[in-house]
Amino acid sequence: MDNVSAEGAMSTKGGMVAGGTSRQAGLLSFICLGVYWGFFSSKIPRIAADVSLSYAEVGTFITILQAVGLPFILFLGRRDLLARVPLLRTIIVAVAAMAAISLATFPLNRITLIGLLVVYGIGTSCLDLLANRLALTYESRTGEAAVSLGHAAFAASVIVGSCLAWVTGLSMGQLVVMLFLLLLTLFASIRVVSAPMAVPSVGGKRPATATAVSRSLLVGLALIACGVLCESGFESIGGLYSQSTGHSSTFAELFPALMAGCLVFSRLASHLLSKREWHDALFLIWLPLMSCIALIAACVVPALGVWGLMLCALAMGAFVPVCFSLLSREVQDVPQARVQSLASSSSYLGLLLGPMAGGLSLDHGPRSFTSIFLVVMVCVCVLGAALLRHSSSRDK
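Bear in mind the structure is a predicted one, so any value in this text is a computation, not a measurement.

About the criteria used
Residues numbered from 1 in each chain as written. Predicted model: local features only at pLDDT ≥ 70, side-chain atom pairs only at ≥ 80, totals over all residues. Heavy atoms only, no water. Salt bridge = Lys/Arg side-chain N within 4 Å of Asp/Glu carboxyl O. Helix = DSSP H or I, 4+ residues; strand = E, 2+ residues; numbered from the N terminus. Buried < 20%, exposed > 50% of the residue type's maximum accessible area, 1.4 Å probe, protein only. Axes fitted to C-alpha atoms, helices over the stretch in contact; angles between N-to-C directions. Parallel < 35°, antiparallel > 145°, perpendicular 65-115°, else oblique. Contact = heavy atoms within 4.5 Å. Nonpolar A, V, L, I, M, F, W, Y, C, P; charged D, E, K, R; others polar. Core = buried A, V, L, I, M, F, W, Y, C linked by side-chain atoms within 4.5 Å. Disulfide = S-S within 2.5 Å. Phe/Tyr/Trp six-rings, centres within 6.5 Å; stacked < 30°, edge-to-face > 60°. pLDDT = per-residue confidence, 0-100.

Enquirer: Could you give me a rundown of the pattern of salt bridges, with the residues and numbers involved?
Expert: Within this structure, the stated rule accounts for 2 salt bridges. Between D80 and R133 there is a salt bridge whose closest N-O contact spans 2.8 Å. Residue D80 is located in the loop between α4 (70-79) and α5 (81-84), and its partner R133 is located in helix α7 (residues 110-142); the two are separated by 53 residues in the primary sequence. Taking the relative accessible area as the measure of exposure, R133 reaches 4% and is therefore buried. Here E231 ties to R267 by a salt bridge, and the two come within 3.0 Å at their closest N and O atoms. Here R267 lies in helix α11 (residues 249-272) and E231 lies in helix α10 (residues 210-244), a separation of 36 residues in the sequence. Of the two residues, E231 and R267, neither departs from the other in class, the shared state being buried.

See below:
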């Protein structure tokens, strides 16, 4: 009996250690993704000026960036190659880093811009899937929240990446930044390749009907797509939106960092409140309703629109990680790798549509920009209520 207890304790301890390794590797993946994105997105206004792009063309080019990664996410999830081929994780981190550095520092024309966006889109989409898989592996092994903390680390790292973009303008700044990014990439590559990753398996209780699960999964995927559509539209086109409402170009370049600061606060709050019974309802229904009010105010008074977008970032910052965790818990009759792949694909569908919707609508004025996202935010509130209703009905 004692031997069985000792073996169980050792197994539990081993699982916690393995889960901790997954958590560290996941956080590093989120940090790399945030630094790369912040470094690149801060240069979007400069790239638009250098290549002579309109608002709509900026949105279209960023859409290209996201579109190319979508089939890779689906393929990796279906084959579960991230768990089966650890070396692939290192390649993903290196590709994302190389493309981000090239986009932010090298002289570009339209052809080279499209080519680098394709490489960057593939690398960052796969890195996003890797980071979420590692965080959800930790959650499944320990029962503790990790996705919200990982997304908070991503948002904080966007600020770091934005600061690095500013440092490149200083004397010797570009050399220092390149060295920092190379060391970060090397360290992350070493950590992710050795991290355990749960092999997908069908576990848990099957629901009373498969229809309930499929409905919950579909609602959750639509919810993620709508939420990410708003978030990506604000982050990628928000700087240009601020210029259209009279703010300076300096403010436009700092806007991604300001948005990221709001996201950090929201995601840390979600992580700290994750054990509360009302946590999911707060982040999936009530805070999106607050975002609707902020966007209505921005439609009425465009000069206040930038601050309305920041309020939306505070309210919606933890929305996507909460959805990821909820789907991982609720959908039990589908392999977890498949669920996570579909969730990441839905988020990239939102990333595809967000910049395009933002760029095209901004060509017609600031009010059109906020009106489009107000409609999507209303859909978020409706879908969030539907997902929680399905979740509560299954628990009864």
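Enquirer: Could you give me a rundown of the packing of α4 against helix α15 (residues 336-362), with the residues and numbers involved?
Expert: Look at α4 against α15: their axes get within 8 Å of each other, and the N-to-C directions meet at 175°. Classified by the interaxial angle, the pair formed by α4 and α15 is roughly antiparallel. On α15, the residues that touch L70, I73, L74, G77 and R78 of α4 are A337, R338, S341, L342, S344, S345, Y348 and L352. Partitioned by chemical class, the residues of the contact of α4 with α15 number 7 nonpolar, 4 polar and 2 charged.

Enquirer: Can you break down the side chain of N132 residue by residue, with the values?
Expert: Summarising the element assignment, N132 is placed in helix α7. Taking relative accessible area as the criterion, N132 reaches 1% and is therefore assigned buried.

Enquirer: Would you mind going over the environment of V51 in detail, with residue names and values included?
Expert: Tracing the backbone through its elements, the reader meets V51 in helix α2 (residues 44-51). Taking the C-alpha atoms as reference points, V51 and P107, 56 residues apart in sequence, are found 9.4 Å from one another.

Enquirer: Go over the nonpolar core with me, naming the residues and quoting the values.
Expert: The biggest cluster of nonpolar side chains holds 124 residues, and the ones touching the most others in it are Y36 and L284. In this view, L284 contacts L223, F319, V322, C323, L326, V380, G384, L387 and L388; residues no more than four positions away in its chain are not counted.

Enquirer: Explain the state of the cysteines to me, using residue names and the numbers behind them.
Expert: Under the counting rule described, the total for this entry stands at 0 disulfides. C381 supplies the cysteine sulfur nearest to C292, a cysteine that is in no disulfide, at a spacing of 3.9 Å. A relative accessible area of 10% means that C381 is categorised as buried.

Enquirer: Requested: an account of the packing of aromatic side chains, with residues and values cited.
Expert: Counting across every chain of the model gives 8 aromatic pairs. Plain terms: the ring middles of F234 and F373 are 5.0 Å apart, the flat faces sit at 55° to each other, and that makes the pair tilted. Pair noted here: F234 is in helix α10 and F373 is in helix α16 (residues 366-395), with a separation of 139 residues, a long-range link. The pair formed by F234 and F373 is uniform in burial state, with each residue classed as buried. Here the aromatic rings of F251 and W307 are separated by 6.1 Å at their centres, their planes lie at 65°, and the arrangement is edge-to-face. Placement of the pair is F251 in helix α11 and W307 in helix α13 (residues 305-316), with a sequence separation of 56 residues. A connected cluster of aromatic rings, assembled from ring pairs, spans F234, Y241, F369 and F373.

Enquirer: A description of the confidence of the model for the protein should follow, citing residues and the corresponding values.
Expert: Caution applies to low-pLDDT parts of the model: their predicted coordinates are not meant to be read in detail. For the protein, mean pLDDT is 80; residues scoring 70 or higher make up 89% of the total. When mean pLDDT is compared element by element in the protein, helix α12 (residues 279-300) scores highest at 90, while helix α1 (residues 2-41) scores lowest at 66. Taken as a whole, residues 1-17 scores under 50 in pLDDT and shows 1 contact with residues more than four places along the chain or in a different chain. The low-confidence segment residues 199-213, where pLDDT is below 50, has 20 contacts with residues more than four positions distant or belonging to other chains.

Enquirer: I'd like a rundown of the environment of P288, residues and numbers included.
Expert: Inspection of the secondary structure assignment puts P288 in helix α12. A C-alpha to C-alpha distance of 9.7 Å links P288 and C379, two positions 91 residues apart in sequence.

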